Amino acid sequence: MHKTISNLENIKKKLVNCPNAKIIAVSKTFGEENIKPLLDYGHKDFGENKVQEALQKWPNLKKKYMNINLHMIGKLQTNKVKFLFPHFNYIHSLDNLKLAEKISKEESRNKKKFKIFIQVNLGSESQKNGISIKELPDLYKQAVERYDLNIIGLMCLPPQNEATSDYFKALKNLNIKFNLKELSMGMSQDYLQAANNGATYLRIGSSIFGNRF
Ligand SMILES: *Cc1c(COP(=O)(O)O)cnc(C)c1O
């Protein structure tokens, strides 16, 4: 059995009590030889954080492996949005109005809609991406009403410290407030805490693929 498959299975075992938590295998920095075993195994959700890098591997892989869900989880520049078609299905990092407007325009042009998470900055110092909680209501309202985006949930990338669970709880409460169904939170170090706090998409890289160099 390929290492990535046993790693994935170990993670799934730990998540038996969290049936709503889906695993996004974050394949950034890893090449086809590492991704293919998981594809052959039937895993469907993969995440990338750089558009350029994703375009070097996924168009080719998707020829053979159809029905894959590709998730853009990293910082997204407006000039890169057009390259997400037709390969990506999800965007996890909407955090400003300009980007919402650009995604909306490109969706009309390409006649395809993404499933989108708004990335929230829960107030930590080191983490600059994400909309502040204060500005979230306006971004949400405009994304939905003005730009007709399909916002399915909120995403966060909190610091990994003793307060991580509190951040996850805070994001879950915000999700409830906005009546959203999906929650993108939890990485290799904290996916169990995230899943126990209602995460529906866990973004897991190194615990599946190994360390990135
Ligand atoms: C890289 C990355 C992950 C996965 O990180 P690991 O610690 O390797 O699991 C999750 N989310 C985002 C936004 C990332 O960039």
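As shown above, the structure is provided for reference.
Residues numbered from 1 in each chain as written. Predicted model: local features only at pLDDT ≥ 70, side-chain atom pairs only at ≥ 80, totals over all residues. Heavy atoms only, no water.

In the neighbourhood of the ligand, the contacting residues comprise Val26, Lys28, Ile73, Leu157, Met187, Ser188, Arg203, Ile204, Gly205, Ser206 and Arg212. Here glycine 205 contributes a backbone N or O atom positioned 2.8 Å from an oxygen atom of the ligand. In this structure, arginine 212 approaches the ligand through a side-chain N or O atom, which is 2.8 Å from an oxygen atom. In the complex, 91% of the free accessible area of the ligand, which totals 380 Å², lies under the protein chains. Here the shell around the ligand is composed, by residue class, of 5 nonpolar, 3 polar and 3 charged. (Near = heavy atom within 4 Å. Polar contact = N/O pair within 3.5 Å; in protein donor to acceptor, adjacent residues only side chain to side chain. Areas by Shrake-Rupley, 256 points an atom, 1.4 Å probe, with all protein chains shown as cover. Nonpolar A, V, L, I, M, F, W, Y, C, P; charged D, E, K, R; others polar.)

Take the pairing of strand E4 (residues 90–94) next. Along any regular strand, the residues point their side chains to alternate faces of the sheet. Extensive coverage of E4 is indicated by the burial of 5 of its 5 residues. Summarising the sheet, strand E3 (residues 69–72) and E4 pair through 2 bridges and their orientation is parallel. Looking at the pairing, methionine 72 lines up with isoleucine 91 of E4. Sheet topology note: the E4/strand E5 (residues 115–121) ladder contains 3 bridges and is parallel. (Buried < 20%, exposed > 50% of the residue type's maximum accessible area, 1.4 Å probe, protein only. Helix = DSSP H or I, 4+ residues; strand = E, 2+ residues; numbered from the N terminus. Pairing = 2+ DSSP bridges.)

So, about the pairing of E3. With 4 bridges connecting them, strand E2 (residues 45–48) and E3 associate as parallel partners. Counted as the bridge partner of glycine 47 is histidine 71 from E3. Between the parallel pair E2 and E3, the chain is carried across by helix H3 (residues 51–64), and the sense of this crossover is right-handed. (Right-handed = clockwise from strand over helix to strand, strands pointing away.)

This brings us to the packing of aromatic side chains. Throughout the structure, instances matching the rule amount to 6 aromatic pairs. With 5.1 Å between their ring centres and 45 degrees between their planes, phenylalanine 46 and tryptophan 58 make a pair best called tilted. Placement of the pair is phenylalanine 46 in strand E2 and tryptophan 58 in helix H3, with a sequence separation of 12 residues. Among the residues examined, phenylalanine 46 registers a relative accessible area of 0% and is labelled buried. Classification of tryptophan 58 by relative accessible area gives buried; the value is 1%. Ring centres of phenylalanine 117 and tyrosine 201 lie 5.9 Å apart, and the angle between their planes is 80 degrees; this geometry places the pair in the edge-to-face category. (Phe/Tyr/Trp six-rings, centres within 6.5 Å; stacked < 30°, edge-to-face > 60°.)

A word on helix H6 (residues 164–177). Under the 1.5 Å per step criterion, the end-to-end length of H6 is 20 Å for 14 residues, consistent within 8% with the ideal 20 Å. Residues of H6 that are buried sit in contact with E5, helix H5 (136–146), strand E7 (150–155), strand E8 (182–184) and helix H7 (191–196). (Expected span 1.5 Å × (residues − 1). Contact = heavy atoms within 4.5 Å.)

Here the focus is the packing of helix H2 (residues 32–41) against H3. One way to put it is that H2 packs onto H3 with a least axis distance of 12 Å and a crossing angle of 30 degrees. Classified by the angle between their axes, H2 and H3 sit roughly parallel to one another. For H2 against H3, the interelement crossing comes out right-handed. Residue-level inspection shows Glu32, Ile35, Lys36, Leu39 and Asp40 of H2 in contact with H3, the latter providing Lys57, Trp58, Asn60, Leu61 and Lys64. (Axes fitted to C-alpha atoms, helices over the stretch in contact; angles between N-to-C directions. Parallel < 35°, antiparallel > 145°, perpendicular 65-115°, else oblique. Left-handed = near helix turned anticlockwise from the far one by under 90°.)

The next point concerns unusual backbone geometry. With omega at -5 degrees, the peptide bond leading from phenylalanine 85 into proline 86 counts as cis. Within the secondary structure, proline 86 sits in the loop between E3 and E4. A positive phi angle is found at aspartate 148, which is not glycine, with a value near 55 degrees. Among the structural elements, aspartate 148 can be located in the loop between H5 and E7.

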